[in-house]
Amino acid sequence: MHIVVETWTPKPAFYAADEETLTNLFAGIQEAMKQLAEIGVVTLGWGRVEPAPLSTSYEWFAVWQAPSRELADGFLSGVESSGWYDYFEQTNLVGELRSGEAVMAEHLALEGEAK
């Protein structure tokens, strides 16, 4: 299973857009979410970033679950083609969800590699 984490902040183009444009953008996103769910790409939730130590400077986030890297990549391609990036400054994180123990073991194996 792969996780996609999106973080974003509205661009000036978002604030300049009229209500109809934004309504159409979000309606398209909602329709795409239904289609994505049919192939197993589901949203785990969206939210506003709250203050935390070492937090991102982005204001909003969404977390998605995809059954494979290929579907995660397809999801991100769909986000791009939707026009979303015209209105939001964004960063994405994609990775396979694994146990803490497995990831810590990988970190220990890195010892001495980057010195």
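Report on the accompanying structure. Only a predicted model underlies this, so the values are computations on that prediction, with no experimental measurement involved. (Residues numbered from 1 in each chain as written. Predicted model: local features only at pLDDT ≥ 70, side-chain atom pairs only at ≥ 80, totals over all residues. Heavy atoms only, no water.)

We now examine unusual backbone geometry. Unusually for a residue other than glycine, Leu 54 sits at a positive phi of about 60 degrees. Tracing the backbone through its elements, the reader meets Leu 54 in the loop between strand 2 (42-48) and strand 3 (60-66). By relative accessible area, Leu 54 is classed as exposed at 90%. (Helix = DSSP H or I, 4+ residues; strand = E, 2+ residues; numbered from the N terminus. Buried < 20%, exposed > 50% of the residue type's maximum accessible area, 1.4 Å probe, protein only.)

Another point: the sheet that holds strand 4 (residues 88-96). Read from one edge to the other, the open sheet built from four strands follows the order 2-3-1-4, with strand pairing classed as antiparallel. Two strands bound the open sheet, and with one partner strand each, they are strand 2 and strand 4. Averaged over all adjacent pairs, the angle separating strand axes in this sheet is 15 degrees, with direction ignored. Bridge count for strand 1 (residues 2-10) against strand 4 is nine bridges, and the pairing is antiparallel. (Pairing = 2+ DSSP bridges. Axes fitted to C-alpha atoms, helices over the stretch in contact; angles between N-to-C directions.)

Glancing now at the side chain of Glu 6. Within the fold, Glu 6 resides in strand 1. Within the buried core, Glu 6 has no salt-bridge partner, and the shortest N-O distance to an opposite charge, that of Lys 11, equals 13 Å. Among the polar contacts made by the side chain of Glu 6, one reaches the side chain of Gln 90 at a distance of 2.8 Å. Apart from the residues within four sequence positions on either side, Glu 6 is in contact with Trp 60, Phe 61, Ala 62, Trp 64, Phe 75, Val 79, Gln 90, Thr 91 and Asn 92. (Lys, Arg positive; Asp, Glu negative; His and termini not counted. Salt bridge = Lys/Arg side-chain N within 4 Å of Asp/Glu carboxyl O. Polar contact = N/O pair within 3.5 Å; in protein donor to acceptor, adjacent residues only side chain to side chain. Contact = heavy atoms within 4.5 Å.)

Attention now moves to the nonpolar core. Ranked by internal contacts, the top residues of the largest apolar core, which has 18 residues, are Val 4, Val 41, Trp 64, Phe 75, Trp 84, Tyr 87 and Phe 88. Those residues in contact with Trp 64, other than ones at most four positions away along the chain, are His 2, Ile 3, Val 4, Glu 6, Met 33, Leu 36, Val 41, Val 42, Thr 43, Leu 44, Trp 46 and Phe 75. (Core = buried A, V, L, I, M, F, W, Y, C linked by side-chain atoms within 4.5 Å.)

Read these as geometric descriptors, not functional statements.
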